[in-house]
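Next come the chains, spelled out residue by residue.
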Amino acid sequence: MLAHAPDWSLDLIVTLELAAASRHSDFVDLADAASQSCAELFRTLNSNSPETLQAIASANVDFIFVIGWSQICREQFMSLKPDRIIGYHPAALPRLRGRAALPWTILLQEPITAGSLMWLGQGVDDGDLLDQEFFHVAQDETAETLYEKHQGALAQMLERSLAKIAIGDIARQPQDPRYATYAAKRTREDGLIDWNDSANAIDRLIRAVGKPYPGAFTFNKDDRFTIWRSSVLPSDRVHHAIAGQVVERSEDHFSVMTGGGLLRVHDWETASGKAPKQHAVLGGTGF
């Protein structure tokens, strides 16, 4: 989008070192994008390192866009282009400032969310808004489908905002701090399933931390199960079993008793490659 926008040029792409790619679930190598847009490519582990700051300063750009980068931009970075650094946050700011906004959107059952373009401020996602694109969150939304919606929202906002900025029409709408909420960091271990939760809550967790994230998981003894897709079965089904016990099994699915209702598992992978046996009890930490 930036490379092909009228009156704009893309001169430098700063991206992650390939050696650190495995640390980020949604890493995309931008080497091809840089080559196709004739932009210089600079790889780094730290956006605030002297080498990174020097590379950006040497590019002598008019604006800096910080998109899909989880590191906080420190004071020296911000001083490179004061009031000309634009960031993207996948939430309806000032709601859900902070980390892991996509999983939290699903876990909190947000009915509506937004992509937010903002001018980076001194705090966490508190800068003035440049643009927002609102959209509905489906009841069966997954991390993957929500990610795609944000990609579409970002493209729409960039298309209209770049044209305005190019002619000097620069919007700055302060956020209202009265409505701010903050999302805490989530780790891989937060995907551990507690089978005492309801089937609805577990299904929500599976959808929230699925691809491109590491996934919700459980254990069958020492065998780690990652569950990618599930559904909640009708409440009129009657089984007597403890939470985490497999009560139905076929070639392409199995059903597990939870603390409230049955959960059918449709897509999973395991360390052993084997599905759990009938009446097996899933659970534990594996740590």
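Everything below is about the structure shown above.
Residues numbered from 1 in each chain as written. Predicted model: local features only at pLDDT ≥ 70, side-chain atom pairs only at ≥ 80, totals over all residues. Heavy atoms only, no water.

A.B. asks: How would you explain unusual backbone geometry if you had to name every residue and give the values?
C.D. replies: The omega angle of the peptide bond from Leu 93 to Pro 94 is 15°, so this bond is cis rather than trans. Tracing the chain through its elements places Pro 94 in the loop between strand S4 (85–89) and strand S5 (97–98). Residue Pro 212 follows Lys 211 across a cis peptide bond; omega there is 15°. With respect to the helices, strands and loops of the structure, Pro 212 is situated in the loop between helix H6 (199–208) and strand S9 (216–220). Despite not being glycine, Cys 38 shows a phi value in the positive range, around 60°. Note on placement: Cys 38 falls in the loop between helix H1 (31–36) and strand S2 (40–44). In the Ramachandran plot, His 279 falls in the positive-phi region, its phi being about 75° despite a non-glycine side chain. When its relative accessible area of 52% is taken as the criterion, His 279 is described as exposed. (Helix = DSSP H or I, 4+ residues; strand = E, 2+ residues; numbered from the N terminus. Buried < 20%, exposed > 50% of the residue type's maximum accessible area, 1.4 Å probe, protein only.)

A.B. asks: Give a description of the sheet that holds strand S3 (residues 64–66) that names residues and reports values.
C.D. replies: Across the sheet, 4 strands lie side by side as S3-S4-S6-S7; this open sheet has mixed pairing. The open sheet has two edge strands with one neighbour each: S3 and strand S7 (129–136). With direction set aside, neighbouring strand axes in the sheet form an average angle of 15°. The pairing of strand S6 (residues 112–119) with S7 spans 7 bridges and is antiparallel. Residue pairing across strands places Leu 117 opposite Asp 131, the latter belonging to S7. Its contacts with the sheet put helix H5 (residues 143–166) on S3, S4, S6 and S7, and the angle it makes with S7 is roughly 145°. (Pairing = 2+ DSSP bridges. Axes fitted to C-alpha atoms, helices over the stretch in contact; angles between N-to-C directions. Contact = heavy atoms within 4.5 Å.)

A.B. asks: Run through helix H2 (residues 50–59), naming residues and quoting values.
C.D. replies: Along H2, the residues that are buried comprise Thr 52, Leu 53, Ala 55 and Ile 56. The arc enclosing the buried residues of H2, seen along the axis, measures out at 160°, which places them on a common side. Exposed and facing more than 90 degrees away from the buried side of H2 are Pro 50, Glu 51 and Ser 58. Buried residues along H2 sit in contact with strand S1 (12–16), S2, S3 and helix H3 (75–78). At the C-terminal side of H2, Asn 60 shows a positive phi close to 55°. (Arc of directions from axis to C-beta.)

A.B. asks: Let's hear about the nonpolar core: which residues, and what values?
C.D. replies: Judged by nonpolar contacts, the single largest core of 38 residues is most densely connected at Leu 117, Ile 193 and Trp 195. Tallying contributions element by element places H5 first for this core, with 8 residues. In contact with Leu 117, other than residues within four places in its own chain, are Ile 86, Gly 87, Tyr 88, Leu 129, Leu 130, Asp 131, Leu 154, Met 157, Leu 158 and Ser 161. Counting 12 residues, the second largest nonpolar core, distinct from the first, contains Phe 42, Ile 56, Val 61 and Phe 77. (Core = buried A, V, L, I, M, F, W, Y, C linked by side-chain atoms within 4.5 Å.)

A.B. asks: How would you explain H5 if you had to name every residue and give the values?
C.D. replies: The end-to-end C-alpha separation of H5 is 34 Å, in line with the 34 Å expected for 24 residues at 1.5 Å each. Residues of H5 that are buried include every one of Ala 143, Leu 146, His 150, Ala 153, Leu 154, Met 157, Leu 158, Ser 161, Leu 162 and Ile 165, and no others. At its buried positions, H5 is contacted by S3, S4, helix H4 (101–107), S6, S7 and H6. Gly 168 sits one or two residues past H5 and shows a positive phi near 85°. (Expected span 1.5 Å × (residues − 1).)

A.B. asks: How would you sum up the pattern of salt bridges? Please name residues and give values.
C.D. replies: Where charged atoms of side chains with opposite charge meet at close range, the side chains can pair. The tally for this structure, following the rule as stated, stands at 8 salt bridges. For the salt bridge of Lys 149 with Glu 141, the shortest nitrogen-to-oxygen distance reads 2.7 Å. Given the relative accessible area of 3%, Glu 141 is considered buried. Linked by salt bridges that have partners in common, Asp 131, Glu 133 and Arg 160 make up one network. (Salt bridge = Lys/Arg side-chain N within 4 Å of Asp/Glu carboxyl O.)

A.B. asks: Lay out the side chain of Thr 258 with the relevant residues and their values.
C.D. replies: Along the chain, Thr 258 turns up in the loop between strand S12 (254–257) and strand S13 (262–270). The exposure class assigned to Thr 258 is buried, which follows from its relative accessible area of 5%. Within the structure, the side chain of Thr 258 is placed 3.1 Å from the backbone nitrogen of Ala 199, a separation counted as a polar contact. Here Gly 260 takes part through its backbone nitrogen, which lies 3.0 Å from a polar atom of the side chain of Thr 258. With residues up to four places along the chain from it excluded, the contact list for Thr 258 reads Trp 195, Asp 197, Ser 198, Ala 199, Ile 202, Ala 243 and Leu 263. (Polar contact = N/O pair within 3.5 Å; in protein donor to acceptor, adjacent residues only side chain to side chain.)

In short, geometric facts, not functional conclusions.
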